[in-house]
Amino acid sequence: MNAEPPRIVSLLPAATDTILALGAGDCLVGISHECSAPPWRPDIARPSRPGLDPAARSGIIDRDVRRLIEQGLSVYEIDATALNQLKPDVIVTQTQCAVCAVTPEDLAAALAEWVGAAPVLLSLAPTTLSGACEDMRRIANAIGRDAEGCTMLAALTERIEQLAAIGAARDKRPSVAIVEWLDPPMGAGNWMPELVTLAGGDPLFGEAGQHTPFVTVNDIAAADPDILIFAPCGFPLAQTLAELPNVFAMAGWQAIQALSEGRAFAADGNRYFNRPGPGLVDTLAMLVAMLDGRDADGDGFTRIDVAGQAKRWPTAI
């Protein structure tokens, strides 16, 4: 007799994406407030909630996060009663960034109240592309989908190699600055420098496998990047586009030539760039398109003008 499928709670958007890609969406009994719900289950339980307003401007979010951390408070809250009632066999969370998703520390109080057998706690901490792939393999193993995991990763690897071949064939490698937070500005570390390199660019303000560094507007202007990309962590594309006009009104941004010459883009940092799951391959495809000077053919990114408005340009870069 086959064992019952596991009951899974995913508190990490990238993990939820992976579980769906593995064909295990029906095993999900709960997801975080940030996760994308299975299309056929829009009302799935969400036992976590933010301790701040995720729709606020980046400067306000930065201020509130710092205040919570200084007070020793969690950025996210877990509903212990709701989590207990879901009776999960597996809980997936992460340890990489207390601002990005629910961490094991957030779960401590909830699990301390557990009655009966405690669930398996799978904690992820990818900082590189290979680490993200390994975590996808770990998820597949933890939920009994090893064969599906091998198939999924083989397909992702093949697509990465195809896109990397385009990048390797470039006659010129443009310098690429990715802004992962708007106020204060931050570069893009972890897996993003690897993806830029695979796409055929030279990454600025970030080192593979290392956390995101703070930068200044003057740093970006002095580097004079060939390509400038805004992909704030946790921000959907619409939220980034809504804030950019106010950001560009601050001193220094108008001196960056990429903004006035059609070499700047806004991207969905929530769904793609800062989400280390299967969507990283789509992120790589977007980077290839941006470095090719192509406008988006989907909703993952858009070219922007010096005012921070979405704009299609008559000619490629």
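Our subject is the structure listed above.
Residues numbered from 1 in each chain as written. Predicted model: local features only at pLDDT ≥ 70, side-chain atom pairs only at ≥ 80, totals over all residues. Heavy atoms only, no water.

A. Region of the structure containing unusual backbone geometry. Going from Asp183 to Pro184, the amide bond is cis rather than trans, its omega being 0 degrees. In the Ramachandran plot, Asn190 falls in the positive-phi region, its phi being about 55 degrees despite a non-glycine side chain. Here Asn190 lies in the loop between β7 (175–179) and α7 (192–199). For Asn190, a relative accessible area of 7% gives the class buried. Backbone geometry places Asp224, a non-glycine residue, at a positive phi of 50 degrees. (Helix = DSSP H or I, 4+ residues; strand = E, 2+ residues; numbered from the N terminus. Buried < 20%, exposed > 50% of the residue type's maximum accessible area, 1.4 Å probe, protein only.)

B. Local environment of the pairing of β7. Burial analysis of β7 places five of its five residues in the buried class, which makes it a mostly covered element. Going residue by residue along β7, you find Ser175, Ala177 and Val179 tucked away on one face and Val176 and Ile178 tucked away on the opposite face as well. Inspection of the sheet shows β7 paired to strand β8 (residues 202–204) by three bridges, in the parallel sense. Across the sheet, the residue bridging to Val176 is Pro203, located in β8. Pairing between β7 and strand β9 (residues 227–230): four bridges, direction parallel. (Pairing = 2+ DSSP bridges.)

C. Representation of the side chain of Asp62. Along the polypeptide, Asp62 turns up in helix α2 (residues 58–70). On the basis of relative accessibility, which here comes to 17%, the residue Asp62 falls in the buried class. Those residues within four positions of Asp62 in sequence are excluded, and the remaining contacts are Trp181, Asp183 and Pro184. (Contact = heavy atoms within 4.5 Å.)

D. Here's a closer look at the side chain of Thr212. Take Thr212: it is sitting in the loop between β8 and α8 (217–223). Thr212 gets classed as buried once you look at its relative accessible area, which sits at 17%. Contact partners of Thr212, with chain neighbours within four places excluded, come to Glu180, Met186, Gly187, Ala188 and Gly189.

E. Structural context of the environment of Asp305. Along the chain, Asp305 falls in the segment after β11 (301–303). Residue class for Asp305 comes out buried when judged on its relative accessible area of 16%. In the structure, Asp305 is positioned 42 residues away from Arg263 in sequence and 8.6 Å away in space, judged by C-alpha atoms. A distance of 3.0 Å separates a polar atom in the side chain of Asp305 from the backbone nitrogen of Ala307. (Polar contact = N/O pair within 3.5 Å; in protein donor to acceptor, adjacent residues only side chain to side chain.)

F. Focus on the pattern of salt bridges. Under the definition given, this model contains 14 salt bridges. When the shortest N-O distance is used, the salt bridge between Arg66 and Asp62 registers 2.8 Å. Here Arg66 pairs with Asp62, and both are found in helix α2, just four residues apart, close to one helical turn. For Arg66, a relative accessible area of 41% puts it in the partly exposed group. (Salt bridge = Lys/Arg side-chain N within 4 Å of Asp/Glu carboxyl O.)

G. Up close: the sheet that holds strand β6 (residues 120–124). With parallel pairing, four strands are arranged side by side in an open sheet as β2-β1-β5-β6. Of all strands in the sheet, those with a lone pairing partner are β2 (28–31) and β6, marking the two edges. The average undirected angle you get between the axes of adjacent strands in this sheet is 20 degrees. Pairing of strand β5 (residues 90–94) with β6, which is carried by five bridges, proceeds in the parallel orientation. Among the inter-strand pairings, Thr93 is bridged to a residue of β6, identified as Ser123. Strands β5 and β6 of the sheet are contacted by helix α5 (residues 129–142), whose axis makes an angle of about 170 degrees with β6. (Axes fitted to C-alpha atoms, helices over the stretch in contact; angles between N-to-C directions.)

H. Here's a closer look at the nonpolar core. Formed by 54 residues in total, the largest nonpolar core has its most connected members in Ile178, Ile229, Phe273, Leu287 and Met290. It is helix α12 (residues 279–292) that contributes the most residues to this core, nine residues altogether. (Core = buried A, V, L, I, M, F, W, Y, C linked by side-chain atoms within 4.5 Å.)

I. A look at the environment of His33. Mapped onto the secondary structure, His33 falls in the loop between β2 and β3 (48–50). His33 gets classed as partly exposed once you look at its relative accessible area, which sits at 23%. Once the C-alpha coordinates of His33 and Ser48 are considered, the two residues, 15 residues apart in sequence, prove to be 5.8 Å apart. Once residues within four sequence positions are removed from consideration, His33 is found in contact with Arg46, Ser48, Arg49, Pro50 and Tyr76.

J. Here's a closer look at the sheet that holds β7. Read across the sheet, five strands follow the order β8-β7-β9-β10-β11 without closing on themselves; strand pairing throughout is mixed. At either end of the open sheet lies a strand with only one pairing partner, and these are β8 and β11. Strand after strand, the sheet turns through a mean of 25 degrees between neighbouring axes, direction not considered. Where β9 and strand β10 (residues 264–267) come together, three bridges link them in parallel fashion. From the neighbouring strand, Phe230 faces β10, where its bridge partner is Ala266. Those strands touched by α7 are β7 and β8, and its axis lies near 150 degrees from that of β8. Across the face of the sheet, α12 comes into contact with β7, β9, β10 and β11 while running at roughly 140 degrees to β9.

Just geometry here; none of it tells us what the structure is for.
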